[in-house]
Amino acid sequence: MDPSKLPPFQINGATKSIPSVEMHTAGEPTRIIWMGFPELKGTLLEQRAQAKSHFDHFRRLLMLEPRGHFDMYGAILRPHTELVDAGHADIGVLFTHNEGFSTMCGHATIALGRFLVDVVDTAIFPRRHQLRHDTISGTTRLTLHVPCGLVEVSVPTLPTGSSDPSRPVSFVSVPSFATAISLRIPLAPQYRWPEVKGRDSVTADFAYGGAYYCMVSAEELGFPRGLAEIDVQKMDHATKLLKEAVVGNAELEYLTRDIITGEEGFLYGIMITDGRLGHVHSSDDSAGVHAQRDASSEETGLCFFANQQIDRSPTGGCVAARVALAHAKGALAVGEKRMYNSLVSRAYKGLSGFIGSVAGEADTNSKGQQSVRVNVEGCGYYTGYHSFVVEKDDGLGVDGFSMRDLAL
Ligand SMILES: O=C(O)[C@H]1NCC[C@@H]1O
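Residues numbered from 1 in each chain as written. Predicted model: local features only at pLDDT ≥ 70, side-chain atom pairs only at ≥ 80, totals over all residues.

## Digging into the overall build of the chain
From N to C terminus, the chain includes ten helices and 19 strands. For the chain, whose C-alpha radius of gyration is 21 Å, the value lies close to the compact-globule estimate of 22 Å for 408 residues. Referenced to the eigenvectors of the C-alpha coordinate spread, the extents of the chain come out at roughly 60 × 55 × 45 Å. By the burial criterion, 48% of the 408 residues in the chain qualify as buried. Considering only intrachain contacts with a sequence separation of at least 6, the fraction spanning at least 24 residues in the chain is 70%. (Helix = DSSP H or I, 4+ residues; strand = E, 2+ residues; numbered from the N terminus. Rg over C-alpha atoms; globule rule 2.2 N^0.38 Å. Buried ≥ 20, exposed ≤ 12 C-beta atoms within 10 Å, placed from the backbone. Contact = placed C-beta atoms within 7 Å.)

What follows is the structure, encoded as structure tokens:
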């Protein structure tokens, strides 16, 4: 079935039909959109700015209820960007979530890698036939233009030309770097959550992997049992306040001004870490065990990003940030692999976390920070395809809502 066709029932006055392919990477969804989004022009960052300023209702339509949910994630393909047209990338993409348009997304890059190898329609992917296939390693390489730069993706491919779901996709990140190690974040009284028990500061690390992240241990947040015992609401509250404390502190502006877009207050996510937890698996695990054998250490994390969305995956962009951070601390040598689990990848046998390693040193960036490129690998799977419609008489119109925002 062609998902761009309307379904076999009558929709009176349906004004839109937007096809999507749905995938998940370690449980985190990617809704891939290639048509039906309003026309966007110019460079990729200009397209992102237009999407934000003029077409945010389309994002809400595709991400929020009733067609999506609070924790939905999307990728909007952009066949023409300045770097695609100059031959430096195969295709562009905008990433989107419950709050806006992000600059980097690892889990969606992994899912997209497979989709872009499998898609045969050149109207969707005009440069599909130019992808580089290596028969010896059985992989296809492609370059994605994402808002934070160029990301090299390597997709395991079967002799038939389709992507191979039994092997992980990998990507090499944009230059990634630690921005602050063991930094004391002052907590004014309005930013203190109950578990911090009146303390006036917490200590956290900060790093960039295509977007800025804060890494803080569960214990430091006031949860002594770490991520072995999760209270999502309390951790949500704690990370929300911590983010506000960072973004609201003018002295910490250097941690949140985006290096590419110049946006201020852009702390994309807070990663709660727990180095004591590994992967729960049994001897018949497939992907999980293969990946784990390769890694010499592992960590579990719970990431709140955008508008307190919870990442089901280990957060690929944050893996790049965490690897850069570990390398800067002298805790991860070049090429040494570390397994990063999410709560989902840790809990479900057969699912693999993401493996991160330093692929090589990158040039010092414009802020003088020593950067590395990080190799991140993980597995993405198809869950279906869909065609969204909006009826002319639907009072919600081209929009979506978040129950959580209405109720707060
Ligand atoms: O894998 C990642 O990088 C992401 N997943 C959702 C939040 C981040 O964009």
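## Concerning the site of the ligand
Around the ligand there are 13 residues in total, and Cys105, Gly106, His107, Gly316 and Gly317 lie nearest to it. Taken together, the elements giving at least two residues each to the shell around the ligand come down to helix 4 (106–118) and helix 8 (316–328). Of the residues contributing to the shell around the ligand, the split by class is four nonpolar, seven polar and two charged. Split by domain, the shell around the ligand shows at least three residues from each of two domains, domain 1 (14–167) and domain 2 (177–374). (Near = placed C-beta within 6 Å. Nonpolar A, V, L, I, M, F, W, Y, C, P; charged D, E, K, R; others polar. Domains from an automatic or database assignment.)

## Remarks on the environment of Lys197
Residue position: Lys197 is located in the loop between strand 10 (177–186) and strand 11 (201–208). A count of 8 C-beta atoms within 10 Å places Lys197 in the exposed class. Residues Lys197 and Ala320, 123 residues apart in the sequence, show an inter-C-alpha distance of 32 Å.

## A look at the packing of helix 4 against helix 8
Interaxial distance between helix 4 and helix 8 falls to 5 Å at its minimum, and their mutual angle equals 120°. With respect to helix 8, the element helix 4 is oriented oblique. Mapping the contact onto sequence places Gly106, His107, Thr109 and Ile110 in helix 4 and Gly316, Gly317, Val319 and Ala320 in helix 8. For the contact of helix 4 with helix 8, a count of residues per class yields three nonpolar, five polar and no charged. (Axes fitted to C-alpha atoms, helices over the stretch in contact; angles between N-to-C directions. Parallel < 35°, antiparallel > 145°, perpendicular 65-115°, else oblique.)

## Looking at the domain arrangement of the chain
Bring the parts together and some accessible area is lost; that lost area is often taken as the interface size. Split into domains, the chain comes out as domain 1 (14–167) and domain 2 (177–374). Here domain 1 and domain 2 have C-alpha centroids that lie 24 Å from each other. Listed per partner, the contact involves 22 residues of domain 1 and 25 residues of domain 2. In terms of residue count, helix 4 provides more of the side of domain 1 that touches domain 2 than any other element does, four residues in total. Partitioning the side of domain 1 that touches domain 2 into residue classes produces eight nonpolar, eleven polar and three charged.

## Quick look at the nonpolar core
With 105 residues, the main nonpolar core has Val93, Ala207, Tyr213 and Ala324 as its most contacted residues. Residue contacts for Tyr213: discarding those within four places in its chain leaves Ala207, Tyr268, Gly269, Met271, Cys318 and Ala321. (Core = buried A, V, L, I, M, F, W, Y, C linked by C-beta atoms within 7 Å.)

## A look at unusual backbone geometry
Along the chain, Glu65 connects to Pro66 via a cis peptide bond; the corresponding omega equals 5°. Looking at the element boundaries, Pro66 is found in the loop between helix 2 (56–63) and strand 3 (74–78). The phi torsion at Lys197 lies on the positive side, around 50°, for a residue other than glycine. Positive phi, normally seen in glycine, also occurs at Ala306, with a value near 50°. Tracing the sequence through the fold places Ala306 in the loop between strand 14 (297–305) and strand 15 (309–310).

## What to know about the environment of Lys240
Within the fold, Lys240 resides in helix 6 (residues 232–247). Judged by local crowding, Lys240 falls into the partly exposed class, with 16 C-beta atoms found within 10 Å. Separated by 132 residues in sequence, Lys240 and Val372 place their C-alpha atoms 29 Å apart.

## Examining the pairing of strand 3
Buried residues dominate strand 3, accounting for five of its five residues. Side chains Gly74, Ile76 and Arg78 of strand 3 all project onto a buried face; the interleaved residues Ala75 and Leu77 project onto the opposite face, where all are buried too. Here strand 3 runs beside strand 4 (residues 91–96); their pairing, made up of five bridges, is antiparallel. Looking across to strand 4, one finds that Arg78 is bridged to Gly92. (Pairing = 2+ DSSP bridges.)

## As for the pairing of strand 14
Most of strand 14 sits out of view: seven of its nine residues are buried. Note that strand 13 (residues 269–274) and strand 14 share six bridges and pair antiparallel. Considered in strand 14, the bridge of Thr273 is made with Gly301. Judged from the four bridges that link them, strand 14 and strand 16 (residues 338–341) form a sheet pairing that is parallel. Bridge pairing links Glu299 to Tyr340 in strand 16. Of the pairings in the sheet, the one linking strand 14 to strand 15 comprises two bridges and is antiparallel in character. Within the sheet, the bridge partner assigned to Phe305 lies in strand 15 and is Gln309. Linkage of strand 14 to strand 15, two consecutive antiparallel strands, is achieved through a turn of three residues, within which Ala306 is found at a positive phi near 50°.

## Thoughts on helix 4
With 13 residues, helix 4 ought to run about 18 Å at 1.5 Å a step, and its terminal C-alpha atoms sit 19 Å apart, in line with that. Most of helix 4 is tucked away: twelve of the 13 residues are buried. Within the sequence span of helix 4, burial applies to Gly106, His107, Ala108, Thr109, Ile110, Ala111, Leu112, Gly113, Arg114, Phe115, Leu116 and Val117. (Expected span 1.5 Å × (residues − 1).)

## Notes on helix 8
Over its 13 residues, helix 8 extends 18 Å from the first C-alpha to the last, a length consistent with the 18 Å expected when each residue adds 1.5 Å. Of all 13 residues that make up helix 8, 13 are buried, and the element is covered over most of its length.

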